[in-house]
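Observations on the three-dimensional arrangement
These are the residues of each chain, in order.
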Amino acid sequence: MCYGRDRLPSRDEISEIQSRNRPADNENAVAVENMRDRLAETEARLEQARAREAELSRQLEEMKKFVRVMEILERYLRRRYTEQQDHLARFYTSSSSSSVSVPSK
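Residues numbered from 1 in each chain as written. Predicted model: local features only at pLDDT ≥ 70, side-chain atom pairs only at ≥ 80, totals over all residues. Heavy atoms only, no water.

1. Re the overall build of the chain
For clarity, the threshold we go by: Secondary structure counts use DSSP, requiring at least four H or I residues in a row for a helix and at least two E residues in a row for a strand, with both numbered from the N terminus. Relative accessibility decides the category of a residue: with a 1.4 Å probe and only protein chains considered, values under 20% of the type maximum give buried, values over 50% give exposed, and everything between is partly exposed. We get accessible surface area from the Shrake-Rupley algorithm with a probe of 1.4 Å; when it comes to residues, only the shown protein chains can shield them.
Scanning the chain from N- to C-terminus turns up 1 helix and 0 strands. For the chain, buried positions account for 0% of its 105 residues. For the chain, the accessible area works out to roughly 10500 Å², and carbon and sulfur atoms hold 56% of it.

So, in structure tokens, the structure goes:
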């Protein structure tokens, strides 16, 4: 059936139209495959970044523990130093008030 000037395409014309569309389909398939490859690479990099972040977080927690221990040691050593100073001050004060002399070498 024909409607006005328009006519249905012949088999050859249909084959030609389909063959013209195949390269576009092939280009789309290549583009899709390229995007899939890029997505896989991005996901792999993201996984590596997350693993690195986890490692850095673990190291940070270890460092925080270390700093807390060092702060405890620092307070202890300051207290001991002050105690030793007080002890020496009391020793020299008591020895100067008594008549005992310390022999020198």
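2. A closer look at the UniProt feature "coiled-coil region" (unreviewed entry) in the chain
As a reminder, the rule being used: UniProt positions are given in the numbering used here, feature names are shortened, and annotations may be inferred rather than shown by experiment.
With numbering matched to this structure, UniProt assigns "coiled-coil region" (unreviewed entry) to residues 32-66. Annotated as 100% helix and 0% strand, the span residues 32-66 places its first and last C-alpha atoms 51 Å apart.

3. Examining the packing of aromatic side chains
Each aromatic ring pair is specified by the distance between its two centres and by the angle formed by the two planes. Applicable threshold: Pairing of aromatic rings covers Phe, Tyr and Trp, the last through its six-membered ring, and needs centres within 6.5 Å; plane angles under 30 degrees mean stacked, over 60 mean edge-to-face, and all others mean tilted.
Summed over all chains, the structure comprises 1 aromatic pair. Pairing Phe 91 with Tyr 92 gives two aromatic rings, centres 5.6 Å apart and planes at 65°, and the pair type is edge-to-face.

4. Focus on a nonpolar patch on the surface
Applied cut-off: Excluding any residue in a salt bridge, patches collect residues exceeding 30% relative accessible area, merging like charges within 9 Å and nonpolar Val, Leu, Ile, Met, Phe, Trp and Tyr side chains within 5 Å. By salt bridge we mean one thing: a side-chain nitrogen of Lys or Arg within 4 Å of a carboxyl oxygen of Asp or Glu.
Together, Phe 66, Val 67, Val 69, Met 70 and Leu 73 line one region of the surface with nonpolar side chains, adding up to about 450 Å² of accessible area. On the basis of relative accessibility, which here comes to 42%, the residue Val 67 falls in the partly exposed class.

5. Considerations on the pattern of salt bridges
As enumerated under the stated definition, the model contains 6 salt bridges in all. Arg 80 is paired through a salt bridge with Glu 83; the nearest N and O atoms lie 3.3 Å apart. Of the two residues, Arg 80 and Glu 83 both sit in helix α1 (residues 11-97), 3 residues apart, roughly one turn of that helix. By relative accessible area, which is 34% here, Arg 80 ends up partly exposed. If you follow the salt bridges from partner to partner, you end up with Glu 55, Arg 58 and Glu 62 in one network.

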